[in-house]
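# Chain and residue survey
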Amino acid sequence: MDILGVRGYNLPAINDMEPIYEGKAKRLFTTDDPNVLRMEYKDSATAFNGVKKEDFENKGRFNKAITLIIYRMLEARGVATHLVDDVDDINLLVKKVSIIPLEVIVRNVAAGSFSKRMGVTEGTAFKKPIVEFSYKDDSLGDPFINDDYAREMGAATEEECLNIKKMALLVNDVLCEFFLKANLRLIDFKIELGRLAEDPTKIVLADEISPDTCRLWDVETGKKMDKDRFRQGLGGFMEAYADVLDRLQK
């Protein structure tokens, strides 16, 4: 049995399918188009490379809705993403990509691993944004690397690294402005990128942008509105995500 998808896609009944890939927070399924996948957002929360795990009702729904809002906004601002269309509360249609094995982090303010690694007080604003790469490999602990490492590991060419940095800084500029309108300060964020299956020369933003992948602090109170509430056991985890979604929908 099929259900009628959006934009003419026929999606096999969701309950009848097995994922082709399952990560910590999402599952991927095929569609009738070999270059388009269905991405399902899970209710799982993980931290410290999966050491801390817990399920939270509505987490997948919140992250999917926030990502959809942000990706549509970024597409309108000229940032290419893997987004194709909406499906339902926890599913999106996305372009099939080959994920580049780099986590690209942009930091505007000292926090998290940067503060621990460099001994800089959390909340210290940087003169200019910092862009850093981590090599995507859980068994290695996603180690911090530079452009030369990325080249020699075959993760990305020098030209790709340069373009990825430019793209990351553009996304940062757009997101800072966007979140500020919602009275949120963008502290830092992580993005992943992929080469399109139908055109591997084209790199697009992939995965998600949500409070799972961004540090967001309330502008007036400094309250943390992101996954640090789970990491640090601060409580009010899903309430913060619901608040972020509500602000972005206004």
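As the structure is a computational prediction, the values presented were derived from the model and not from experiment.

### Concerning the pairing of strand S14 (residues 184-196)
- Burial runs high along S14: 11 of the 13 residues are buried.
- Two strands pair when backbone bridges link them, and strand S10 (residues 97-99) and S14 are joined in this way by 3 bridges, in the antiparallel orientation. Looking across to S14, one finds that valine 97 is bridged to leucine 196.
- Pairing analysis gives 4 bridges linking strand S11 (residues 102-109) to S14, with the strands arranged antiparallel. Following the sheet pairing, isoleucine 105 is matched in S14 by lysine 190.
- Bridge analysis of S14 against strand S16 (residues 214-218) gives 5 bridges, and the strand direction is antiparallel. The residue bridging arginine 185 from the neighbouring strand is tryptophan 217, located in S16.
- Linking two consecutive strands that pair antiparallel, namely S14 and strand S15 (residues 203-206), is a turn of 6 residues.

### A closer look at the confidence of the model for the chain
- Across the chain, the average pLDDT comes to 93, with 94% of residues at 70 or higher.
- Contacts for the low-pLDDT stretch residues 1-5, under 50 throughout, to residues beyond four places or in other chains number 15 contacts.

### Details of helix H1 (residues 59-76)
- Given a rise of 1.5 Å per residue, 18 residues ought to cover 26 Å, and the 26 Å separating the end C-alpha atoms of H1 matches this to within 8%.
- Counting buried residues in H1 gives 13 out of 18 residues, a clear majority hidden from the surface.
- One or two steps after H1, the chain reaches glycine 78, where phi turns positive at roughly 90°.

### Comments concerning the environment of valine 171
- Mapped onto the elements of the fold, valine 171 is located in helix H4 (residues 158-181).
- When residues no more than four places from it in sequence are discounted, the contact partners of valine 171 are Val79, Phe189 and Ile209.

### Observations concerning the pattern of salt bridges
- Tallying each qualifying case throughout the model produces 28 salt bridges.
- Between arginine 215 and aspartate 228 there is a salt bridge, with its nearest N and O atoms 2.7 Å apart. Of this pair, arginine 215 sits in strand S16 while aspartate 228 sits in helix H5 (residues 228-231), placing them 13 residues apart in sequence. Both residues of the pair, arginine 215 and aspartate 228, count as buried.
- The partner of arginine 247 in a salt bridge is aspartate 218, and the shortest N-O contact between them spans 2.9 Å.

### Describing the sheet that holds strand S9 (residues 91-95)
- Strand order in the open sheet formed by 5 strands is S3-S4-S5-S9-S8, with antiparallel pairing between adjacent strands. Of all strands in the sheet, those with a lone pairing partner are strand S3 (21-22) and strand S8 (83-88), marking the two edges.

### Topic: the packing of H1 against H4
- Between H1 and H4, the shortest axis-to-axis distance is 11 Å and the interhelical angle comes to 125°. Comparing the axis directions of H1 and H4 gives the class oblique. As for how H1 packs across H4, the hand of that crossing is right-handed. Here Ile69, Ile70, Met73 and Leu74 of H1 lie close against H4, whose contacting residues are Val174, Leu175, Phe178 and Phe179.

### Side note on the side chain of lysine 64
- Residue position: lysine 64 is located in helix H1.
- By relative accessible area, which is 6% here, lysine 64 ends up buried.

### Observations concerning the pairing of strand S5 (residues 36-41)
- Where burial is concerned, most of S5 is hidden: 6 out of the 6 residues are buried.
- Judged by which residues are buried, S5 turns out to be covered on both faces: Val36, Arg38 and Glu40 on one side and Leu37, Met39 and Tyr41 on the other are all buried.
- Pairing analysis gives 5 bridges linking strand S4 (residues 26-30) to S5, with the strands arranged antiparallel. Bridge assignment links phenylalanine 29 to a residue of S5, and that residue is arginine 38.
- Linkage of S4 to S5, two consecutive antiparallel strands, is achieved through a turn of 5 residues.

The rules behind each value
Residues numbered from 1 in each chain as written. Predicted model: local features only at pLDDT ≥ 70, side-chain atom pairs only at ≥ 80, totals over all residues. Heavy atoms only, no water. Buried < 20%, exposed > 50% of the residue type's maximum accessible area, 1.4 Å probe, protein only. Helix = DSSP H or I, 4+ residues; strand = E, 2+ residues; numbered from the N terminus. Pairing = 2+ DSSP bridges. pLDDT = per-residue confidence, 0-100. Contact = heavy atoms within 4.5 Å. Expected span 1.5 Å × (residues − 1). Salt bridge = Lys/Arg side-chain N within 4 Å of Asp/Glu carboxyl O. Axes fitted to C-alpha atoms, helices over the stretch in contact; angles between N-to-C directions. Parallel < 35°, antiparallel > 145°, perpendicular 65-115°, else oblique. Left-handed = near helix turned anticlockwise from the far one by under 90°.

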